[in-house]
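# An overview of the molecular structure
Below are the chains, spelled out letter by letter.
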Amino acid sequence: MSASLFTADFKPRPFWWEAHQPTPLPEIALPKNVRVAIVGAGYAGLNAALELYREGIDCIVLDANEPGFGGSSRNGGMVSGGVNVGKRYMAKAMEEDEAAPYLADAADAFSHVENLIAREKIDCGWTRTGYFLGAWCKSHYDGMVKKVDMLNRAARSEAYIVTPERQREEIGSDYYRGGMVVGRAGHLHPALFFKGLLDLCQTRNIPIASKTPVTKLTQSGSGWQVETPRGTIEAGDVIIATNGYTGDVTPELKRRVVPVGSYIIATEELDPAIAASISPKNRSIADTRRVLTYYRMSPDGKRLIFGGRAKFGHTDPVETAPILHGFMLDRFPQLKGTRITHAWTGNVAFTLDEVPHMGKLQNMHYALGCNGSGVAMMSYLGHQTARKIAGKVNRVCAFDRPEFPDHAMYNGSTWFLPWIGRYFRTRDWIDRRFG
């Protein structure tokens, strides 16, 4: 690994933490009884807490670390309405009738985030400039052409096809085989969005206990005993909102989500002309590879934030930084010589059917499995779970289903991820060469 790849002040931590770094909150006394106990102080947990407060239902949020320490302050900050669900539909894993309700609710998830930011005046660099999805091969492009109209009908995507000849209007690269623009998409500063949610909770005096791991959950009559090292809480309902950090306290949920490390780098500040050329319309960008990459400009437009599945499994983000840097240069040769200021990782939670889930399992509420759409989906599913507890749901959310698939061969251990990575890389090579 070349030391020249990194700046002298390189930091192996999220770039976003320069604006807001998660820190422990002052210790609070735990209540003996509470109507709802929420496990996990990320996007889902805080959105649930805010909605419960609005409905006059008391709750407490418990987190093993600092609030926002996980994916909520580590992600790429890209927000779209149904693109990931749409990818599954375009890959023929879903028929139109099956996909439509998911796409409609994913569109509502986008609206929830956008409206929340506007209503509460959250200062998080929200920018609604759309999303470009690059086609890895011609067959992927052809699939977009066939299905873009349905995305617009079901998800209100404001999407249109970009031919290879016009690709330079969207991205300063000839790397893809054309693609699709989703107009109803944007990006934000994820740590400042989280800080905005945290500030709202604190303004409303919603109790949040950081550094307070839940060690055991036991059903007690019609409610729950929530055990922590600092005492036991009697709760009427429990919401599990741990996503990519779901652990042994909830083994039946742990075996239904697969935590995958997503790795991100931030470049040093770029020459203004080069920075402007990378994404001429300041769109977020991703591609249709199985070994996904995703990227966007920083909120000030001066550096590139570049992420992807550099490795499958969990490893040091400094080790994966050169891999991401290589992916970046494949797409943007003009960035040769550009150094890295930050490299980090965070867990994304995938489900076995590749669809986010909310619901109840063994009488326990959960909002889990962002599948790469954490900002919108976890915010929305936390909000919807709280509305369900409050009895305010007018219709069943498509992601609220009694089925939450597991597999007899999976117990939460991700030993198999490197093998899946090899398979994905092989399939990507075949698609690029022959597709």
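Scroll up for the structure.
Our subject in this report is the structure included herewith. This is a predicted model, so every value here is computed, not measured. (Residues numbered from 1 in each chain as written. Predicted model: local features only at pLDDT ≥ 70, side-chain atom pairs only at ≥ 80, totals over all residues. Heavy atoms only, no water.)

## Points about the environment of Gly369
- Relative to the assigned elements, Gly369 resides in the loop between β19 (364-368) and α9 (374-389).
- Using a relative accessible area of 0% as the deciding quantity, one classes Gly369 as buried.
- Contacts of Gly369, omitting those with residues within four sequence positions, involve Asn243, Val257, Ala349, Thr351, Val355, Pro356, His357 and Met378. (Helix = DSSP H or I, 4+ residues; strand = E, 2+ residues; numbered from the N terminus. Buried < 20%, exposed > 50% of the residue type's maximum accessible area, 1.4 Å probe, protein only. Contact = heavy atoms within 4.5 Å.)

## So, the sheet that holds strand β16 (residues 304-308)
- Spatially, 9 strands are ordered β1-β17-β13-β16-β15-β14-β5-β7-β6 in an open sheet, and the strand pairing comes out mixed. What marks the edges here is a single partner per strand, and that holds for β1 (6-11) and β6 (159-162). Strand-to-strand twist of the sheet, defined as the mean angle between neighbouring strand axes without regard to direction, takes the value 25 degrees.
- Sheet analysis places strand β5 (residues 131-134) next to strand β14 (residues 284-287), joined by 4 bridges and oriented parallel. In the sheet register, Leu133 faces β14, and the bridge partner there is Ala286.
- Together, β5, β6 and β7 (179-182) form the strand contacts of helix α4 (residues 138-155), whose direction differs from that of β6 by roughly 160 degrees. (Pairing = 2+ DSSP bridges. Axes fitted to C-alpha atoms, helices over the stretch in contact; angles between N-to-C directions.)

## Points about the nonpolar core
- Within the largest apolar cluster, 50 residues are counted, with the highest numbers of intra-cluster contacts made by Ile38, Leu46 and Phe193.
- The dominant element in this core, judged by the number of residues it contributes, is α9, at 8 residues.
- The residues touching Phe193, leaving out its near neighbours within four places in the chain, are Tyr43, Val113, Leu116, Ile117, Ile122, Cys124, Leu188, Val375 and Ser379. (Core = buried A, V, L, I, M, F, W, Y, C linked by side-chain atoms within 4.5 Å.)

## Some remarks on the side chain of Glu268
- The topology assignment puts Glu268 in the loop between β13 (257-267) and α7 (272-278).
- Of the polar contacts made by the side chain of Glu268, one reaches the backbone nitrogen of Arg339; its length is 2.9 Å. (Polar contact = N/O pair within 3.5 Å; in protein donor to acceptor, adjacent residues only side chain to side chain.)

## Things to note about the packing of helix α1 (residues 43-54) against helix α5 (residues 190-203)
- One way to put it is that α1 packs onto α5 with a least axis distance of 10 Å and a crossing angle of 30 degrees. The angle between α1 and α5 places the two elements in the roughly parallel class. Considering how the two elements wind past one another, α1 and α5 form a crossing that is left-handed. Residues Tyr43, Leu46, Asn47, Ala49 and Leu50 of α1 lie in contact with α5, whose contacting residues are Pro190, Phe193, Phe194, Leu197, Leu198, Leu200 and Cys201.
- Residues that form the contact of α1 with α5 fall into these classes: 11 nonpolar, 1 polar and no charged. (Parallel < 35°, antiparallel > 145°, perpendicular 65-115°, else oblique. Left-handed = near helix turned anticlockwise from the far one by under 90°. Nonpolar A, V, L, I, M, F, W, Y, C, P; charged D, E, K, R; others polar.)

## Details of the layout of surface pockets
- By volume, the second largest pocket is sized at about 210 Å³.
- Around the second largest pocket sit Asn47, Leu50, Glu51, Arg54, His112, Leu116, Arg119, Glu120, Leu200, Arg204 and His383, which together line it.
- Among the secondary structure elements, those contributing two or more residues to the lining of the second largest pocket are α1 and α3 (96-120).
- Considering only residue class, the lining of the second largest pocket consists of 3 nonpolar, 3 polar and 5 charged. (1 Å grid on protein atoms, 1.4 Å probe; cavity = no way out; pocket = protein on both sides within 12 Å on 5 of 7 lines; lining within 4 Å. Points joined across faces, edges and corners; volume = space filled by probe spheres on them.)

## Topic: the packing of α3 against α5
- Across the interface, α3 lies against α5 with an axial gap of 12 Å and an inter-helix angle of 60 degrees. It follows that α3 is oblique to α5 by the angle criterion. The two elements α3 and α5 cross, and the hand of that crossing is left-handed. Across the interface between the two elements, Val113, Leu116, Ile117 and Glu120 from α3 touch Phe193, Leu197 and Leu200 from α5.

## Looking at the pattern of salt bridges
- Under the counting rule described, the total for this entry stands at 34 salt bridges.
- Between Asp406 and Arg255 there is a salt bridge; the shortest N-O distance is 2.6 Å. Of this pair, Asp406 sits in the loop between α9 and α10 (417-434) while Arg255 sits in the loop between α6 (251-254) and β13; the two residues are 151 residues apart in sequence, bridging distant segments of the chain.
- The partly exposed category is assigned to Asp406, whose relative accessible area is 32%.
- Assessed through its relative accessible area of 18%, Arg255 is described here as buried. (Salt bridge = Lys/Arg side-chain N within 4 Å of Asp/Glu carboxyl O.)

## Here's the deal with α5
- With 14 residues, α5 should cover 20 Å at 1.5 Å per step; its first-to-last C-alpha distance of 20 Å lies within 8% of that length.
- Among all positions in α5, only Pro190, Ala191, Phe193, Phe194, Gly196, Leu197, Leu198, Leu200 and Cys201 are buried.
- Looking at the buried positions of α5, the neighbouring elements they touch are α1, α3, β9 (208-209) and α9.
- Directly after α5, the chain includes Asn205, whose backbone phi takes a positive value near 60 degrees. (Expected span 1.5 Å × (residues − 1).)

## Details of the pairing of β13
- Burial within β13 is extensive, with 11 of its 11 residues counted as buried.
- Of the two faces of β13, the one holding Val257, Pro259, Gly261, Tyr263, Ile265 and Thr267 and the one holding Val258, Val260, Ser262, Ile264 and Ala266 are both buried throughout.
- As paired elements, β13 and strand β17 (residues 340-351) share 11 bridges and run antiparallel to each other. Note that in β17 the partner of Tyr263 across the bridge is Thr345.
- Across 4 bridges, β13 lies against β16 in antiparallel orientation. Considered in β16, the bridge of Ile264 is made with Gly307.

So, to be careful, I would describe these as geometric facts and stop short of saying anything about function.
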